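Descriptive analysis of the structure
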Amino acid sequence: MSVVAGRYARAFADVVLSMHLDATIASSDVETVLAATQSTPALLAVWENPGIPLDQKIKVLDGIAAITGLKPQTRNFLAVLIKQHRINVLGEVVKLFKTELNERMGFAEAAVSSARLLGQDERTKLEAEISRMSGKTVKATYGTDGSLLGGAVITMGSTVYDGSVRGKLQRLKKQMSAE
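What you see is a predicted model; the values in this text were computed from it and never measured. (Residues numbered from 1 in each chain as written. Predicted model: local features only at pLDDT ≥ 70, side-chain atom pairs only at ≥ 80, totals over all residues. Heavy atoms only, no water.)

**Focus on the overall build of the protein**
In plain terms, the rule: Comment: elements are numbered from the N terminus, with helices defined as DSSP H or I runs of at least four residues and strands as E runs of at least two. The size measure is the radius of gyration over C-alpha atoms, and the globule rule it meets is 2.2 Å times the number of residues to the 0.38 power. The buried label goes to any residue with under 20% of its type's maximum accessible area, the exposed label to any with over 50%, and the partly exposed label to all in between, with areas taken from a 1.4 Å probe on protein chains only. Should any heavy atoms of two residues lie within 4.5 Å, those residues are considered in contact. The accessible surface values rely on the Shrake-Rupley method and a 1.4 Å probe; as for residues, cover is taken only from the protein chains in view.
Scanning the protein from terminus to terminus reveals eight helices and four strands. Reading the helices (α) and strands (β) of the protein from amino to carboxyl end gives α-α-α-α-α-α-β-α-β-β-β-α. Whereas a compact globule of 179 residues would reach a radius of gyration of roughly 16 Å, the protein reaches 21 Å, over 25% beyond that. The principal-axis extent of the C-alpha atoms belonging to the protein is close to 70 × 35 × 30 Å. Counting over 179 residues, the protein shows a buried share of 30%. For the protein, long-range pairs separated by at least 24 residues make up 63% of all intrachain contacts whose partners lie at least 6 apart in sequence. Counting only carbon and sulfur atoms, one obtains 56% of the accessible surface of the protein, whose full area is about 10600 Å².

Next comes the structure, spelled out in structure tokens:
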């Protein structure tokens with residue numbers, strides 16, 4: 001990730017937390033604009049075009065803000081990215097911003113893959129165990145992977161906890177071949 005995107009992400013996180021804004025709404029706001037730039041490449045082309053006056057670019061942003069109900073702080077943040085010719089790193093900024101907020105608020109994101117869909121009780125127990133291991137409140141997303149045979153694989157950042165049957169068999173095979 002770029003250093004520039006990290007600086008903007010931290011700065012926006014500072015604004016959100018210092019002004020006691022709802023972090024979920026702030027994340028949703030920037031994700032909405034990111035989705036708009038991804039679904040309508042012409043929008044990003046307008047904001048990046050040096051031949052278009054800044055006031056016209058901001059009018060486009062204000063139109064989007066009015067339609068989507070962006071919070072003023074989010075609108076101002078996006079205006080800074082446009083003015084500083086950094087709107088091209090919005091995708092990175094959004095990702096780093098969410099990571100920064102989670103870190104500061106004591107949350108950890110976890111991706112859980114299991115051989116079958118987990119019931120609510122299983123999810124609750126698994127999240128409690130992940131919270132205990134990480135010392136953070138966990139926000140988990142769930143998916144299935146039939147190749148796991150059973151158990152689950154949990155990914156938190158760059159750390160992978162493999163409690164799957166497939167993983168156990170691979171470790172057993174490695175151990176047997178080492179002896």
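**Observations concerning the pattern of salt bridges**
Put simply, the rule reads: Any Lys or Arg side-chain nitrogen located within 4 Å of an Asp or Glu carboxyl oxygen qualifies as a salt bridge.
A full pass over the atoms with the stated rule returns seven salt bridges. Linking E100 and R104 is a salt bridge whose minimum nitrogen-to-oxygen distance equals 2.8 Å. Taken together, the residues E100 and R104, both in helix α6 (residues 90-105) and four residues apart, mark about one turn of the helix. A salt bridge links R132 to E129; its shortest N-O distance comes to 2.4 Å. Residue R132 and its partner E129 are located together in helix α7 (residues 120-134), separated by three residues, close to a single helical turn. Given the relative accessible area of 59%, R132 is considered exposed. Here E129 falls in the partly exposed class, since its relative accessible area comes to 34%.

**Focus: the confidence of the model for the protein**
Rules: pLDDT expresses, on a scale from 0 to 100, how confident the predictor is about each individual residue.
Of the residues in the protein, 99% have a pLDDT of 70 or more, and the chain-wide mean is 91. For the protein, per-element mean pLDDT is lowest for helix α8 (residues 165-178), which scores 81, and highest for helix α5 (residues 72-83), which scores 97.

**Focus on the pairing of strand β3 (residues 152-156)**
Working note: regular strand, side chains alternate between the two faces of the sheet. As a reminder of what qualifies: The rule for pairing is simple: two strands pair if DSSP sees at least two bridges between them.
Within β3, four of the five residues are buried, which leaves it mostly tucked inside the rest of the structure. The pairing of strand β1 (residues 107-114) with β3 spans four bridges and is classified as antiparallel. In the sheet register, S114 faces β3, and the bridge partner there is A152. Count of turn residues in the β3/strand β4 (residues 159-162) antiparallel hairpin: two residues, of which G157 carries a positive phi of about 65 degrees.

**So, the sheet that holds strand β2 (residues 137-144)**
The line we're drawing: Fitting a line to C-alpha atoms yields each axis, with helices limited to the stretch in contact; the angle taken between N-to-C directions then spans 0 to 180 degrees.
The strand order β2-β1-β3-β4 describes an open sheet built from four strands, whose pairing is mixed. Each end of this open sheet is capped by a strand with a single partner; those strands are β2 and β4. Taking each pair of neighbouring strands and ignoring which way they run, the sheet shows an average axis angle of 20 degrees. Where α6 meets the sheet, its contacts fall on β1 and β2, and the angle it forms with β1 comes to roughly 110 degrees. Running at roughly 130 degrees to β2, α7 makes contact with β1, β2, β3 and β4 of the sheet.

**With respect to the environment of Q175**
You can see Q175 is positioned in helix α8. Residue classification places Q175 among the partly exposed positions, given a relative accessible area of 46%. Separated by 170 residues in the primary sequence, Q175 and A5 place their C-alpha atoms 43 Å from one another.

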